[in-house]
Every structure is written in C-alpha cells, then in structure tokens.
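The chain contents come next:
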Amino acid sequence: MAGDQQGVGLVHRIRRATHPVALGVLLLMTACSGSSPEGLILISVDTLRADRLGSYGNELGLTPHLDSLASESLVFRNAFAPAPFTLPSVSAMLTGRYPDQLGVQSNTAVLPGEIPTLASWLGQRGWRSAAVVSNYVLRKKTRLDRGFDYYDAAMRSREQVRGLPERSADATTASALRLLDLMSGRGSGPMFLWVHYQDPHGPYTAPAEWEAPAGPPPPGVEDRLLPTSTDDRGLDSLPRYQALGDRRDTVSYRAAYHAEIRFMDEQIGRLLEGIDRRGLLDGSVVIFTADHGESLGEGDRWFAHGEYLAASETAVPLFLRIPGGAAGELQRLSSPLDVFPTALAALGIEPPDQLSGEDLLDGSAREAPRTLWLSNLTVGSARRQALLTDGIRYVVTRRSDGEVEEFSWLGGDQGHEISPERRASLRNTFRELRTRLGASRPEKRQDLTRDECQNLRALGYLVEPSCDALPATP
Ligand SMILES: [Zn+2]
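Since the model is a prediction, treat every value here as computed from it, not as a measurement.

Peer 1: Could you clarify how one ought to interpret the overall build of the protein chain in this entry?
Peer 2: Along its length, the protein chain carries 12 helices and 16 strands. Here the protein chain holds 474 residues, and 58% of them are scored as buried. Across the protein chain, every contact between residues at least 6 apart in sequence was considered, and the portion connecting residues at least 24 apart equals 69%. Taken as a whole, the protein chain presents about 18,700 Å² of accessible surface, with 49% of it coming from carbon and sulfur.

Peer 1: Would you explain the sheet that holds strand β14 (residues 383–389) in this entry?
Peer 2: Paired through backbone hydrogen bonds, the strands of a sheet run either parallel or antiparallel to each other. A sheet is described by the order of its strands in space; here 4 strands give the open sequence β13-β14-β15-β16, paired in antiparallel fashion. Each having just a single partner strand, β13 (371–375) and β16 (402–409) make up the two edges of the open sheet. Across the sheet, the mean angle separating the axes of adjacent strands is 15° when strand polarity is ignored. In this sheet, β14 lies alongside β13 in antiparallel orientation, the contact comprising 5 bridges. Bridged to Thr 371 within β14 is Thr 389. Sheet strands touched by helix α11 (residues 420–438): β13, β14, β15 (392–399) and β16. Its angle to β14, the strand with the most contacts, is close to 120°.

Peer 1: Looking at this structure, how should I read the nonpolar core?
Peer 2: In this structure, Leu 40, Leu 118, Phe 192 and Trp 194 are the most contacted members of the largest nonpolar core, which totals 108 residues. By residue number, the principal contributor to this core is helix α8 (residues 250–277), which donates 11 residues. For this core, the two domains that each supply at least three residues are domain 1 (2–347) and domain 3 (444–474). One finds Ala 315, Leu 333, Leu 387 and Phe 430 within the second-largest nonpolar core, a separate group that totals 25 residues.

Peer 1: Whenever I open this one, the pairing of β16 confuses me. Can you help?
Peer 2: Working note: regular strand, side chains alternate between the two faces of the sheet. Examined bridge by bridge, β15 and β16 share 8 bridges and lie antiparallel to one another. Each bridged residue has a counterpart across the sheet, and for Arg 398 the counterpart in β16 is Glu 403.

Peer 1: I tried to follow the coordination of the zinc ion on my own but got confused; where do I start?
Peer 2: In an ideal tetrahedron of four donors about a metal, each angle is 109.5 degrees. In an ideal octahedron of six donors, the angles are 90 or 180 degrees. Each protein donor to the zinc ion is listed here as Asp 46 (OD), Thr 86 (OG1), Asp 291 (OD) and His 292 (NE2); together their distances run 2.0 to 2.1 Å. One chain supplies every donor to the zinc ion, and in sequence these donors are spaced D-x39-T-x204-D-H. Of the two residues, Asp 46 is situated in the loop between β1 (39–45) and α3 (64–70) and Thr 86 in helix α4 (residues 86–95); the sequence distance between them amounts to 40 residues.

Peer 1: Looking at this structure, how should I read the packing of aromatic side chains?
Peer 2: The geometry of an aromatic ring pair comes down to the distance between the two centres and the angle between the two planes. All told, the structure shown has 13 aromatic pairs when counted by the stated rule. Ring centres of Phe 148 and Tyr 151 lie 5.8 Å apart, and the angle between their planes is 50°; on these two criteria the pair is classed as tilted. The pair Phe 148 / Tyr 151 is uniform in exposure class, with both members buried. Ring centres of Tyr 394 and Phe 407 lie 4.5 Å apart, and the angle between their planes is 20°; on these two criteria the pair is classed as stacked.

Peer 1: I'm lost on the state of the cysteines in this one. Help?
Peer 2: Such a bond, covalent and formed between the sulfur atoms of two cysteines, is termed a disulfide. Within this structure, the stated rule accounts for 1 disulfide. Residue pairing for Cys 453: its cysteine sulfur links by disulfide to Cys 467, the two sulfurs lying 1.9 Å apart. Here the disulfide of Cys 453 and Cys 467 is left-handed, its torsion about the S-S bond being about -75°. In this pair, Cys 453 is assigned in helix α12 (residues 450–458) and Cys 467 in the segment after α12, connecting sequence segments 14 residues apart. The pair formed by Cys 453 and Cys 467 is uniform in burial state, with each residue classed as buried.

Peer 1: I keep staring at the side chain of Asp 46 and nothing clicks. Help me out?
Peer 2: Assessed through its relative accessible area of 0%, Asp 46 is described here as buried. When near neighbours in sequence (up to four residues on either side) are disregarded, Asp 46 contacts Thr 86, Asn 135, His 196, Tyr 197, Gln 198, Pro 200, His 201, Asp 291 and His 292.

Peer 1: Explanation requested: the packing of helix α7 (residues 169–184) against α8 in the structure shown.
Peer 2: Helix packing geometry: the angle between the two helix axes and the distance between the axes. Their axes nearest at 9 Å, the elements α7 and α8 cross at an angle of 15°. Here α7 lies roughly parallel to α8, going by the angle between them. At the point where α7 passes α8, the crossing takes the right-handed sense. Counted together, Ala 169, Asp 170, Thr 173, Ala 176, Leu 177 and Leu 180 of α7 and Phe 263, Met 264, Gln 267, Ile 268, Arg 270, Leu 271, Gly 274 and Ile 275 of α8 form the full contact between these two elements.

Peer 1: When you look at the pairing of β14 in this model, what are you seeing that I'm missing?
Peer 2: In terms of burial, β14 is a largely internal element, 6 of the 7 residues being buried. One ladder, built from 7 bridges, connects β14 with β15; its direction is antiparallel. Counted as the bridge partner of Arg 384 is Thr 397 from β15. Linkage of β14 to β15, two consecutive antiparallel strands, is achieved through a turn of 2 residues, within which Asp 390 is found at a positive phi near 50°.

What counts and how
Residues numbered from 1 in each chain as written. Predicted model: local features only at pLDDT ≥ 70, side-chain atom pairs only at ≥ 80, totals over all residues. Heavy atoms only, no water. Helix = DSSP H or I, 4+ residues; strand = E, 2+ residues; numbered from the N terminus. Buried < 20%, exposed > 50% of the residue type's maximum accessible area, 1.4 Å probe, protein only. Contact = heavy atoms within 4.5 Å. Areas by Shrake-Rupley, 256 points an atom, 1.4 Å probe, with all protein chains shown as cover. Pairing = 2+ DSSP bridges. Axes fitted to C-alpha atoms, helices over the stretch in contact; angles between N-to-C directions. Core = buried A, V, L, I, M, F, W, Y, C linked by side-chain atoms within 4.5 Å. Domains from an automatic or database assignment. Donors = N, O, S within 2.8 Å, 3.2 Å for Na, K, Ca; no water. Phe/Tyr/Trp six-rings, centres within 6.5 Å; stacked < 30°, edge-to-face > 60°. Disulfide = S-S within 2.5 Å. Parallel < 35°, antiparallel > 145°, perpendicular 65-115°, else oblique. Left-handed = near helix turned anticlockwise from the far one by under 90°.

Set out below in structure tokens:
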C-alpha cells in the first residue's frame, strides 16, 4: 500500500495524500502526467438520484457514459445535497457554504456579492470561465453569473406542461462546446467550464427515441394509479406539473424519468467527446454531481423534490476525475458543498477562509466524524432540518403542533437501536447547528417582473399569493 500512497501524492501534487487504507479506496493508478491540471470541467445535473447510475449500483444501464467517466474517478458513495431543491444547493456547490450562510433559502434569492465563488476565485487567478445553465431558476438574476466570462442562460424552448422556458440536453451540450471554442479563442491559460443539465427534472418528456425500462420501484414502494393533485407537492398524488395527458400509472412515469436520464447521459457523452476532440479533456479535472434527487414514491411522495431530507431527495452522485489520478470508491460523508474546496485542492489552489465544504482529497485523520447539515428551507409543507453524522440521519420537522424528531441509519436498517446517549448527543449537536446556521444571514430576494413571478409560481416555488402588482416585463 505504501506504493499506492506515494502514487496518490505524486499525481495529486498536493500535500495531503489520500490514505487508501483509512478511506477504503481501491486505487487504480494510471500514468502520472507530472503537471498541474490545465482546466476544470464541472458538470451538474438537476434532479438526478444517485441510485439511477450504474456506478452507484443501478442495473438498468441508463448511464453508460457517466459510468465510464466514474470508472476513472474517485466516486463518493455517500454524497448528500444540503437542500432538496435547486438554487440553494447549486449556490452551495459554487461557494462551499451552506445555503443558510449565504442567505439563499428559496429559488428567488440573490447570491451575496462579497462571497467568493468558484468562478470569481479562479478568475482572480487568471482563469477564463464559462457556464451554461438550463434551469430557469439559475438565470442571471441569481448573480450566480458573477465571475464568469460567459454565462449562457438562454432557454428558447418551452416545457410541455407548464410552458416554462427550458433547454434540453442536446442544446445544452451544443452551447457548452460553443463557449469552449469562444474561450479558447481568447488567449491562453487555464479554463473553467460549468454545465448544468435540466433534463431529469419533470415533466419527464425526453425525445421519443429515448425510451427506457421502468425497472422495479424503490424498496418498500408499490406501483399504482395516482390521482392528479391540484398542487405540485406530489403527496399521495401526481404533481400537477408532472401530469402528461391521461397517464396515471407510476410505472410509466418512472420509465419516463429514466428516459430523461438516458438522453442526458448520451449528451454528456457528446460533451466529453467534444472536449476531448479539442484536446482539453486529458489535462482537466472533471467533477460530476447533481443538485438534489427525486422522490419516486418513498413516503408516498411521487415524482417531486423539496419536501423530504431522506436519501430519495438528497442522495446525489458525486465523483471527480483527476488527470493521471486515482480511481475508486470512497464511503466518506460528502456533499456538493465540497465541490469548491475539492476542486481547488485538485488544482493546487488555496481556498478562501471559512468554508463549510471540505477538501475530499484530504485523507488526514479526523478527530470526530463529519456532520452535514440539511434543510428544506422555505420549500415543502413543513420546515425540515437534519443532520447526518456517523452513519445516522436525524431529522426534525416543525409542525403547527410542535416538533417531531426522527432517527434512522443512513445505510438503512442496521438491526440495532440508536442508544439514548447517542440520541441525546445528536440533539445537542443539532441545536448548536440550528442556532449557528439558522440565523446566519437574511435572504435578499430578486426584483421579479410579473412574467418571472408567474413562471416561478408555475414551478411551484413562490409563496406570493399574486404576481399582479409587479411591473410587466420590459
Ligand atoms: Zn434542481
């Protein structure tokens, strides 16, 4: 193992060698490039459960291109999004800070201007950067565009059910490659590309040629016919925005979700091939993750996210390929929150202070198990907050008649109880975190036009009773 350790230290060119024994890493060493990475490719996908990927144990063969990338990557098997919906989770990914610390608690927040982002931090060090986002929630008004030389949020097509602006995976890939060429034409030096795909987000309407098997329902879930809801929460019903024609059976919706994933995977394959053709893949760090999952019937919640903090809505894929680096699986608790510090470590760049995310390449011994904080923030029928630590998930739901707590093992039933002492300790940690994070920073809301307000209401994300008083779109 000593040789492996030395190899990791060499290829990562960072001071903290991953410890293969402590982390249970299967190391597959490839050629050592001997030079710093020349680029960073960050690919994120909306609404993608980790357990739909072959590299996370799925047997339906939905993601051959991602599985191929994962086979050359460090794959984090226990990654959880800090929030089960888009803007807070993506903001955490790009800043290494919890949504509460950013004051980003809804899909209509503005990212504070003084917080360093991956793009601004790299930009200050001479990097060129470009982003392509295909979720309406991530448009420039969020100020996620800060620090990017190019930020393409143009969405010219419309969703089938809600009629909202969107961009499908083929157009997302085409835009990303176009921006890569634009950046390449602007001098030399390292480049950062972030691409966010929207396709697995409902309604599930992949191009007709992308069929996929439904496979079995998640454990404990039974397929059935669902009534259509009058809202988008999917509790015991089909969310309004997901309903396609008169289809009501859960099997066909699950198959349609899988078809979106197959389509997205194919287009990510095209993206990687295009980057490779330009000679930019081998020398770049590639990171893949998702902003949150999707309930597929767990807790009788169907084809929706934003409510629960269970694995269905928060377990996400997370892996990174480092040029000439190690590949294998790691069980450590991790999160898209870790993307910022981990990317910088892989690039040999010092991170800013006060990050809550961790450098996942740092294998040094920890004194205490890691604790992750999760919250559904302002979305959902009730406020839920959770901590994950040491194999346990502790969720507190705030209801009108008080708080309800719930303990469970992260890996499912472990066959033994969580001791009273352990529960008391978790309650204490939870209270400390809630005090520290819960009141970190008030949210600054976007100045919405009437159209934007109506679009966001249609997405199910706005609590305002009416958009009528807002100014019309200029
Ligand atoms: Zn999302």
